[in-house]
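# Overview (structure and organization)
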Amino acid sequence: MKKFVTYTISLLALFATSALCAQTDSTANDDLIIDGSKVKIIIKEKKVIKQAKNGADSVVVNSKKVEVFKKDVEEAEEELKDLALPEVSDKEIVIDEEIEEEQPLVTTEFFTMKIGLNNLLNSENKLEMPAGSENMEISSAKSINFQYNFVEQAISLYKSTISLKYAIGIDFNNYRFENNIDLVKNSEPLVVVNSTNNYKKNKLVTQYLTVPVMLDLNIGGGDEKIKIAAGPTFGYLIASHQKQKWEDNGKHKTKIKDDYNLEKFRMGYEVNFGYGNIVLYGKYYPESIFKANEGPDLSVVSAGILIGNI
């Protein structure tokens, strides 16, 4: 099959060469390009000056070089096999089978996801609740971060190596409390009280409309590609509530909607690192999730894995 493809490509190349020779006024370094959907042929004509050994005047020779780029051998065969061209020699043809597919300027992905865990840091970046808010301790193993991007685009800046990526989606966060506490609705500053209920599930849930913007770097290719991306991520609070489940003479559950003095707008930083098809992410929001003096000073850090492209 490979011989057939090479042979057929040779036929097409000679056909293009003949078209070039029919031009009587060719100039140095003129290129004739035939760009099919799967095969690209470039015919270059240049002037070569050779110095004779006896010191005679230089001789100008017209030299033609035919380069055939096969983007896909199997599909190239499908494109070329129906061409009825005469048999020719392929001595002038240089075949490059390693050429990459041309990278489009903008690529788009839909419905990509990230899933991981949340944690809260105090003003000293420690995994401890600040003084007076010790009862708000969370279980990081049960505090889920889930980001769902509706659309994600990448603008190629340099071939397929460097690109600018951005997306729009919803960032879901829950913070699972270790203790039986209630967040008091409409309290300013936020009031947290101990409850007599023994909660099986007790968590604060937030949802942000989010827009990450990252510079993306890809090194290598295929399954051995190294992926690195970093940049800011912006979010706007669109919903929040406290959700609780417990048993007391039957099963009970409640969902109390309130903003709990959460900051409406947040800005953080995200880093992605991957090898092959496995990509990990980390996000850090340095400012407190609560408004100043209306809740504890707690910043958010999240980490997890991407499901889909970066």
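Described below are features of the structure shown in this document. (Residues numbered from 1 in each chain as written. Predicted model: local features only at pLDDT ≥ 70, side-chain atom pairs only at ≥ 80, totals over all residues. Heavy atoms only, no water.)

## Side note on the environment of Tyr 284
Tracing the backbone through its elements, the reader meets Tyr 284 in strand E14 (residues 278-285). Exposure remark for Tyr 284: the relative accessible area of 28% places this residue in the partly exposed category. Between the alpha carbons of Tyr 284 and Gly 268 there is a distance of 5.5 Å; along the sequence they are 16 residues apart. Once you skip the residues sitting within four places of it in the chain, Tyr 284 turns out to touch Leu 121, Asn 125, Gly 268, Tyr 269, Ser 299, Val 300 and Val 301. Of note is the side chain of Tyr 284, whose polar atom sits 3.2 Å from the side chain of Asn 125. (Helix = DSSP H or I, 4+ residues; strand = E, 2+ residues; numbered from the N terminus. Buried < 20%, exposed > 50% of the residue type's maximum accessible area, 1.4 Å probe, protein only. Contact = heavy atoms within 4.5 Å. Polar contact = N/O pair within 3.5 Å; in protein donor to acceptor, adjacent residues only side chain to side chain.)

## Focus on the packing of aromatic side chains
What characterises a pair of aromatic rings is the spacing of the ring centres plus the angle enclosed by the ring planes. What the rule picks out here adds up to five aromatic pairs. Relative to Trp 246, the ring of Tyr 199 has its centre 5.5 Å away and its plane inclined at 85°; by these criteria the two rings are edge-to-face. In this pair, Tyr 199 is assigned in strand E10 (residues 199-219) and Trp 246 in strand E11 (residues 226-247), connecting sequence segments 47 residues apart. In this structure, Tyr 199 and Trp 246 share a single accessibility class: buried. An aromatic cluster is present here, built from Phe 110, Phe 111, Tyr 148 and Phe 150 joined pairwise through their rings. Cation over ring: Lys 114 sits above Tyr 281, and NZ or CZ is 6.0 Å from the ring centre. (Phe/Tyr/Trp six-rings, centres within 6.5 Å; stacked < 30°, edge-to-face > 60°. Lys NZ or Arg CZ within 6 Å of the ring centre and 35° of its normal.)

## Remarks on the side chain of Thr 206
Its place among the elements puts Thr 206 in strand E10. Owing to a relative accessible area of 1%, Thr 206 belongs among the buried residues under this scheme. Every residue in contact with Thr 206, bar those within four places of it in the chain, is listed here: Asp 171, Phe 172, Asn 173, Tyr 175, Leu 237, Ala 239, Ser 240 and Leu 262.

## Observations regarding the pairing of strand E13 (residues 265-275)
Of the two faces of E13, the one lined by Arg 266, Gly 268, Glu 270, Asn 272 and Gly 274 is fully buried and the one lined by Phe 265, Met 267, Tyr 269, Val 271, Phe 273 and Tyr 275 carries no buried residue. One ladder, built from 11 bridges, connects E11 with E13; its direction is antiparallel. By the bridge assignment for E13, Pro 232 is matched with Tyr 269. Of the strand pairs in this sheet, E13 and E14 are connected by seven bridges, and their pairing is antiparallel. In the strand pairing of E14, Glu 270 is matched with Lys 283. The antiparallel hairpin formed by E13 and E14 contains two residues in its connecting segment, where Gly 276 sits at a positive phi of about 65°. (Pairing = 2+ DSSP bridges.)

## Some points on the pairing of E14
Only one face of E14 is buried, namely the one carrying Val 279, Tyr 281, Lys 283 and Tyr 285, since none of Ile 278, Leu 280, Gly 282 and Tyr 284 on the opposite face is buried. Relative to strand E15 (residues 299-307), E14 runs antiparallel, the two sharing six bridges. Of the residues in E15, the one forming a bridge with Tyr 284 is Val 301.

## Focus: the pattern of salt bridges
In the structure shown here, the tally under the stated rule is five salt bridges. Of the charged contacts in the structure, one is a salt bridge between Lys 126 and Glu 124, with a shortest N-O distance of 3.8 Å. For Glu 247, the salt bridge is made with Lys 200, and the minimal N-O distance between the two is 3.0 Å. Residue Glu 247 is located in strand E11, and its partner Lys 200 is located in strand E10; the two are separated by 47 residues in the primary sequence. (Salt bridge = Lys/Arg side-chain N within 4 Å of Asp/Glu carboxyl O.)

Remember that the coordinates give geometry; whether it matters functionally is a separate question.
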